[in-house]
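# Examining the three-dimensional arrangement
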Amino acid sequence: MSMKRDQGGDGLGRELGEIYASVPVPKAPAWFAAKTMARLRREEKKSRGWFGLPRLILIGAGAALLAVGWLRWESQPSVADAELFAALDAMVEEERESRWWAGL
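Just so you know, the residues in each chain are numbered from 1, in the order the chain's sequence is written. A pLDDT threshold of at least 70 governs which residues receive local features in this predicted model, and a stricter bar of 80 or more applies before side-chain atom pairs are shown or counted, although totals over entire chains, interfaces and linings include all residues. Computation of side-chain values: all heavy atoms of the structure, hydrogens and water removed.

### Side note on the confidence of the model for the protein chain
Note the following rule: Every residue gets a pLDDT, meaning the predictor's confidence in that residue, from 0 to 100. Working definition: helices are DSSP H or I runs of at least four residues, strands are E runs of at least two. Numbering for both runs from the N terminus.
Considering every residue of the protein chain, the mean pLDDT works out to 80; 78% of them sit at 70 or more. Of all secondary-structure elements in the protein chain, the lowest mean pLDDT belongs to helix 3 (residues 55-74), at 84, while helix 4 (residues 81-102) reaches the highest, 89.

Written out as structure tokens, the structure is:
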């Protein structure tokens, strides 16, 4: 399998481009391919997190869960002090009325 370069010549001019295109692309030595494949395997293992998922996906999912938790925490109803005291006063008033009706 003989690989050839494009006829474009990479902006070298017509004659020089034709000469450049006629020269076959040199093949990489076997040790280069072996080292490259080993490095790719190592990098692929490093990029994997828990359960074989890429770290970027895990970080994104964690950030999304944190954001949802934060927003849900903020949307919880809060009882103001005035509302609490108004409810307690209403309970006391209801207790007085029920005691009055009971004759106590």
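### Notes on the packing of aromatic side chains
Operational definition: Working definition: rings of Phe, Tyr and Trp (its six-membered ring) pair if their centres are within 6.5 Å, and the pair is stacked with planes under 30 degrees apart, edge-to-face with planes over 60 apart, and tilted otherwise. Burial classification: accessible surface area is computed with a 1.4 Å probe over protein chains only, and a residue below 20% of its type maximum counts as buried, one above 50% as exposed, and the rest as partly exposed.
All chains considered together, the criterion is met by two aromatic pairs. Both rings, one in Trp100 and one in Trp101, keep their centres 4.9 Å apart while their planes meet at 80 degrees; by these two values the pair is edge-to-face. On the basis of relative accessible area, Trp100 is assigned to the exposed category, the value being 62%. Classification of Trp101 as exposed rests on a relative accessible area of 70%.

### Quick word on the pattern of salt bridges
The test is simple: The working definition used for a salt bridge is a side-chain nitrogen of Lys or Arg within 4 Å of a carboxyl oxygen of Asp or Glu.
Within this structure, the stated rule accounts for five salt bridges. Note that Arg96 and Glu93 form a salt bridge whose closest N and O atoms lie 3.7 Å from each other. Taken together, the residues span about one helical turn, with Arg96 and Glu93 both in helix 4 at a distance of three residues. Residue class for Arg96 comes out exposed when judged on its relative accessible area of 54%.

### As for helix 4
We apply this condition: Expected span of a helix: the number of residues minus one, times 1.5 Å.
Taking 1.5 Å of rise per residue, 22 residues should cover 32 Å, and helix 4 covers 32 Å from first to last C-alpha, within 8% of that figure. One or two steps after helix 4, the chain reaches Gly103, where phi turns positive at roughly 80 degrees.

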